[in-house]
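Here is how the chains run, residue by residue.
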Amino acid sequence: MTTRALFLINGLGLGNSTRCHAIIQRLRQHDVDIGVVTSGNGLWYFDGRSEIGSLLELHALRYGQIDGQLSILRTLTNTGRYLSIMRRNAELVAAVLDRVRPNVVVTDSVYNLAPMQRRCIPVIALNNADVVRHGFRAFTDRPRSIYPQFYAIELMDYWFHRFRPDRVISPSIDPHTPSPSFPFQRVGPIVRIGYESKETSSPTRKVVIMLSGSVFGMPVTLTRSRPGVRIDVVGRPPPDGWSNTDGLYYHGRVRDTAPILADADLVVVNGGFSAVSELFWMKKPMLVVPVPNHAEQWINARTVKKMGVGDLISEKNIEAAIWPALERISSFRAAYDNLPPSPDGAQQASEVILKVGAGSNL
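I will try to describe carefully the structure that is included in this document. (Residues numbered from 1 in each chain as written. Predicted model: local features only at pLDDT ≥ 70, side-chain atom pairs only at ≥ 80, totals over all residues. Heavy atoms only, no water.)

**Looking at helix α9 (residues 273-281)**
(1) Moving on: Of all the nine residues making up α9, seven are buried; the element is thus mostly covered by neighbouring parts of the structure.
(2) Moving on: Among all positions in α9, only Phe-273, Ser-274, Val-276, Ser-277, Glu-278, Leu-279 and Phe-280 are buried.
(3) Moving on: With its phi angle positive at about 60°, Lys-283 sits one or two positions after the end of α9. (Buried < 20%, exposed > 50% of the residue type's maximum accessible area, 1.4 Å probe, protein only. Helix = DSSP H or I, 4+ residues; strand = E, 2+ residues; numbered from the N terminus.)

Given below as structure tokens:
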């Protein structure tokens with residue numbers, strides 16, 4: 001009997017979509033029928049993907065913001081609107097479930113599980129809030145600015161996933177992260193096919209700046225180029241009045257960034273876990289720029305710094321941080337070489353989904 005899996009994906013940023021796609025790629029190797037219900041950037045990302053049997057739209061849930069910055073107060077004051085959106089999404093999901101009749105549902109940052117639970121359909125969540133919780137406790141140099149988002153969002157996220165889904169697949173890039181308790185199940189980095197590491201001994205000639213595609217995406221304006229260094233800015237149009245010069249190039253949104261990243265010596269990236277995971281898997285030295293006030297992104301960046309494979313920087317000093325980081329490429333690469341091999345988290349996740357879809361309690 002063919003297994004049918006339905007993915008419910010929050011499309012606020014691209015990270016949820018790319019890591020779900022990584023798992024979908026592995027599931028399709030086992031002829032699993034895949035349906036995707038998503039919103040926002042997820043619709044753009046999955047449109048036309050051959051692995052997807054059906055693609056439907058959810059109403060989007062978004063963080064509150066003030067002047068382009070994440071605001072927990074504004075997020076909390078929007079609670080009534082969020083509940084209304086969740087009710088409408090529940091009706092949409094219920095109709096899809098009755099039509100598709102999946103063996104298993106995989107959720108990524110979608111929180112209304114009632115339609116699946118009423119139909120006794122097992123729910124597997126992709127979520128590493130247990131890693132965020134551990135990191136918040138472990139890093140004593142955490143800034144006060146991340147406390148509101150951690151306690152209002154990340155900690156609540158942990159407790160939700162601790163009790164609601166049937167199983168939680170929790171990825172980590174740090175091999176020293178403690179093993180979680182049930183229902184969390186630790187896996188390695190979840191990375192799309194094509195993002196494998198490639199050996200390079202080239203001089204430091206290419207930098208990629210690849211910042212978030214969410215509503216909190218930061219502007220990227222560089223004041224100068226550097227002779228002998230190519231800089232590619234992914235996901236941003238050029239600033240007004242800019243004309244491309246040798247060595248400095250702006251790209252629009254790119255769904256599959258592997259070809260651009262393949263020969264990069266250094267990557268500047270926000271602290272979203274999926275983007276950091278793919279760069280980690282490719283063994284790319286990175287400068288991680290957490291979205292201000294965002295606990296998970298700061299913890300992801302701090303983890304990269306702790307492992308020695310990159311550094312944590314602020315959005316105010318992106319350009320200034322690039323040049324000294326280029327002088328440290330050899331030390332970043334040596335840190336990668338000293339780490340133990342990471343398991344393929346997407347493959348591990350697909351195996352869990354296949355077993356649950358086949359009726360195994362694991």
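On we go from here.
**Looking at helix α12 (residues 329-337)**
(1) Moving on: Residues Ile-329, Phe-332, Ala-335 and Tyr-336 constitute the buried set of α12. All buried residues of α12 lie within an arc of 125° about the axis, which places them on one face of the element. Opposite its buried face, α12 presents the exposed residues Ser-330 and Asp-337, each directed more than 90 degrees away.
(2) Moving on: Of the surrounding secondary structure, the elements contacted by the buried residues of α12 are β13 (266-270), α9, β14 (286-289), α10 (295-307), β15 (310-312) and α11 (318-326). (Arc of directions from axis to C-beta. Contact = heavy atoms within 4.5 Å.)

**Examining the side chain of Asp-130**
(1) Moving on: Among the structural elements, Asp-130 can be located in helix α6 (residues 129-138).
(2) Moving on: Residue classification places Asp-130 among the buried positions, given a relative accessible area of 10%.
(3) Moving on: Aside from chain neighbours lying at most four places away, what touches Asp-130 is Tyr-158, Ser-170, Pro-180, Phe-184 and Arg-186.

**Thoughts on the pairing of strand β7 (residues 123-126)**
(1) Moving on: Side chains Val-123 and Ala-125 project from β7 onto one buried face, and the interleaved Ile-124 and Leu-126 project onto a second face that is buried too.
(2) Moving on: As defined by bridge partners, strand β6 (residues 104-108) adjoins β7 across three bridges and the pair is classed as parallel. The partner of Val-106 across the bridge, within β7, is Ile-124.
(3) Moving on: Bridge analysis of β7 against strand β8 (residues 167-171) gives three bridges, and the strand direction is parallel. In the strand pairing of β8, Ile-124 is matched with Arg-167. (Pairing = 2+ DSSP bridges.)

**Section: the sheet that holds strand β9 (residues 184-187)**
(1) Moving on: An order of β3-β2-β1-β6-β7-β8-β9 is seen for the seven strands of this open sheet, with the pairing classed as parallel. Strand pairing shows two members of the sheet lacking a second neighbour, β3 (54-57) and β9, which therefore form its edges. Here the strands of the sheet are splayed against their neighbours by 20° on average, with no regard to which way each runs.
(2) Moving on: Strand contacts of helix α1 (residues 15-28): β1 (4-9), β2 (33-38), β6, β7 and β8, with the helix running at about 170° to β1, the strand carrying the most contacts. (Axes fitted to C-alpha atoms, helices over the stretch in contact; angles between N-to-C directions.)

**Some points on the nonpolar core**
(1) Moving on: Grouped together as the largest cluster of nonpolar side chains are 27 residues, with contacts concentrated most on Phe-7, Ile-23, Ile-34, Ile-169 and Ile-353.
(2) Moving on: Counting residues per element, the ones that place at least two in this core are β1, α1, β2, α2 (41-46), β6, β7 and α13 (345-357).
(3) Moving on: At six residues, α13 tops the list of elements feeding residues into this core.
(4) Moving on: Val-234, Ala-258, Ala-264 and Met-282 belong to the second-largest nonpolar core, a separate cluster that totals 25 residues. (Core = buried A, V, L, I, M, F, W, Y, C linked by side-chain atoms within 4.5 Å.)

**A few points about a nonpolar patch on the surface**
(1) Moving on: There is a patch of nonpolar side chains on the surface, built from Met-156, Trp-159 and Phe-163 and spanning about 350 Å² of accessible area.
(2) Moving on: Relative to the assigned elements, Met-156 resides in helix α7 (residues 147-163).
(3) Moving on: Take Met-156: its relative accessible area is 46%, and that puts it in the partly exposed class. (Patch = residues over 30% accessible without salt bridge, like charges linked within 9 Å, V, L, I, M, F, W, Y side chains within 5 Å. Areas by Shrake-Rupley, 256 points an atom, 1.4 Å probe, with all protein chains shown as cover. Salt bridge = Lys/Arg side-chain N within 4 Å of Asp/Glu carboxyl O.)

**Remarks on the pairing of β14**
(1) Moving on: Covered by surrounding structure in β14 are Met-286 and Val-288 together with Leu-287 and Val-289, the residues of both alternating faces.
(2) Moving on: A crossover links β13 with its parallel partner β14, the connecting element being α9, and its sense is right-handed.
(3) Moving on: Note: β14 against β15, three bridges, orientation parallel. Within β15, the position partnered with Met-286 by the bridge is Gly-310. (Right-handed = clockwise from strand over helix to strand, strands pointing away.)

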